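Each chain is listed here by its residues.
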Amino acid sequence: MKSGKNIKIISVGAAVQDVFLSHSDEFEPVSDRSAHEQFMKLELGAKADVNSITFSTGGGATNAAVTFTRQRLHAVFMGTIGDDPAGQAVLNDLDRENVDTSHVSYSDKYHTGYSVLLLAPTGERTILTYRGASTHYHAKYFDLSGVDGDWLYVSSMAGCFDVLDKLFTQAKRNGMKIMFNPGKRELAHPNKLKSLLDDVDVLSVNKEEMAHIVEGKTSEELVTHALNLVSVAIVSDGPNGVVASDGKTIVTAGMYQDVKVIDRTGAGDAFGSGFLSQWAQGKSLVDSIVFGSANSTSVVQHIGAKTGILHHDARLHHMPLHEKPVK
Ligand SMILES: Nc1ncnc2c1ncn2[C@@H]1O[C@H](COP(=O)(O)OP(=O)(O)OP(=O)(O)O)[C@@H](O)[C@H]1O
Ligand SMILES: [Mg+2]
């Protein structure tokens, strides 16, 4: 079994700059109804003071790549940015984190994806997002021929099924394993998505998303049904925890730690990439889930999707979970 730097993961998907504006009296949620029904009121023509700004970078694939390098694995980011300051910010972060950027491509039409996140004191947020180069992908820039790697980690490819098809076929030809965390635009086409799953080793999505792919009410039912499509299925459910199975055992895990959520951006990425950072090293299903949970719990306590990603020396603690054989 390979370990550490010898394990190479190609992380494919979005790269964006995230700018967080917070600590403003104007960012008070309006209405006392449930979080989903609240909204921020910004009056037209008003100038609202903001007392804190945080520049960071995101995009599922760059967040995942940083989890991998902080766990001392070799990570390559493959994605498209624009030739602009936001793209430079993405590259600077990746360089600082020792992520291999030799497979980054540049769009000649679109700017780098850019999000402005307005954080309310409650931890809820409103996001204004320009997707730009992170939605317009060209198959010619996504090529694994001649690329050796152990795993392909794919987050959303903005519904570009031609690119996904090409990558998955090449990955299998190269003997790479595939972990997939599809996004909204892949989930909008469940049949196309399912036809890709033949090549996928690990599928990780949240509960609502898995319900687009297979039938089932509980996370356990969803995971069990997903095992007909992939070898390892994972369903996360925010603070309620995770259910996962590798076909041999099924693990139900609760909350890693009850923490104050400052910003939940990147929680899903941190869980999925945290899981793979251990699974790729041959760790058990339980150990991989504990690490993914710890990683995402750390991420939600910081502003930005990368700040809280755990380092190699992080100390973990136990979490409530149980494991039983798959019937
Ligand atoms: N409020 C919370 N408190 C503690 N941990 C949390 C919370 N929300 C998320 N997490 C952690 O993050 C993991 C993934 O969260 P979730 O199931 O919400 O993923 P997701 O919906 O895919 O997220 P994303 O919107 O980032 O894609 C959870 O399994 C949990 O470990
Ligand atoms: Mg997600």
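Chemist: Quick one: what's the story with the environment of Val 242, residue by residue and with numbers?
Modeler: Its place among the elements puts Val 242 in strand 14 (residues 242-245). Judged by its relative accessible area of 6%, Val 242 is buried. It is 15 Å that separates the C-alpha atoms of Val 242 and Gly 216, two residues lying 26 residues apart in sequence. Apart from the residues within four sequence positions on either side, Val 242 is in contact with Ile 234, Val 235, Ser 236, Val 251, Thr 252, Ala 253, Phe 271 and Ser 293.

Chemist: I'd like a description of the packing of helix 8 (residues 267-279) against helix 9 (residues 285-299), backed by residues and values.
Modeler: Describing two packed helices takes the angle between their axes plus the distance from one axis to the other. Where helix 8 meets helix 9, the axes come as close as 7 Å, and the angle between the chain directions of the two elements is 145 degrees. The chirality of how helix 8 crosses helix 9 is right-handed. Within the contact between the two elements, helix 8 uses Ala 267, Ala 270, Phe 271, Ser 273, Gly 274, Phe 275, Ser 277, Gln 278 and Trp 279 and helix 9 uses Leu 285, Asp 287, Ser 288, Ile 289, Phe 291, Gly 292, Ser 293, Asn 295, Ser 296 and Val 299. Counted by class, the contact of helix 8 with helix 9 contains 9 nonpolar, 9 polar and 1 charged residues.

Chemist: Requested: an account of the nonpolar core, with residues and values cited.
Modeler: Core analysis: the biggest nonpolar cluster contains 43 residues, and Ile 9, Phe 68, Ile 234, Phe 275 and Leu 276 have the highest contact counts within it. Per-element accounting of this core gives the leading share, 7 residues, to helix 9. With residues near it in sequence (within four places) discarded, Phe 68 still touches Ile 9, Ser 11, Leu 73, Ala 75, Tyr 153, Ser 273, Leu 276 and Ser 277.

Chemist: Go over the site of ligand 1 with me, naming the residues and quoting the values.
Modeler: Lining the immediate surroundings of ligand 1 are 13 residues, of which Asn 206, Ser 236, Gly 238, Arg 264 and Gly 268 lie closest. Within the backbone of Asp 237, an N or O atom sits 3.3 Å from an oxygen atom of ligand 1. Between an oxygen atom of ligand 1 and a side-chain N or O atom of Arg 264, the distance comes to 2.6 Å. The protein chains hide 82% of the 630 Å² of surface that ligand 1 would expose on its own. Of all the secondary structure elements, the ones that give two or more residues to the shell around ligand 1 are helix 8 and helix 9. A breakdown of the residues in the shell around ligand 1 according to their chemical character gives 5 nonpolar, 6 polar and 2 charged.

Chemist: An account of the environment of Ser 293 is requested, with residue identities and associated values reported.
Modeler: With respect to the secondary-structure elements, Ser 293 resides in helix 9. Each C-alpha atom of the pair Ser 293 and Val 242 lies 8.2 Å from the other, and the pair is 51 residues apart in sequence. Contact partners of Ser 293, with chain neighbours within four places excluded, come to Val 242, Tyr 256, Phe 271 and Met 319.

Each value, and the rule that gives it
Residues numbered from 1 in each chain as written. Chains lettered and ligands numbered in written order. Predicted model: local features only at pLDDT ≥ 70, side-chain atom pairs only at ≥ 80, totals over all residues. Heavy atoms only, no water. Helix = DSSP H or I, 4+ residues; strand = E, 2+ residues; numbered from the N terminus. Buried < 20%, exposed > 50% of the residue type's maximum accessible area, 1.4 Å probe, protein only. Contact = heavy atoms within 4.5 Å. Axes fitted to C-alpha atoms, helices over the stretch in contact; angles between N-to-C directions. Left-handed = near helix turned anticlockwise from the far one by under 90°. Nonpolar A, V, L, I, M, F, W, Y, C, P; charged D, E, K, R; others polar. Core = buried A, V, L, I, M, F, W, Y, C linked by side-chain atoms within 4.5 Å. Near = heavy atom within 4 Å. Polar contact = N/O pair within 3.5 Å; in protein donor to acceptor, adjacent residues only side chain to side chain. Areas by Shrake-Rupley, 256 points an atom, 1.4 Å probe, with all protein chains shown as cover.

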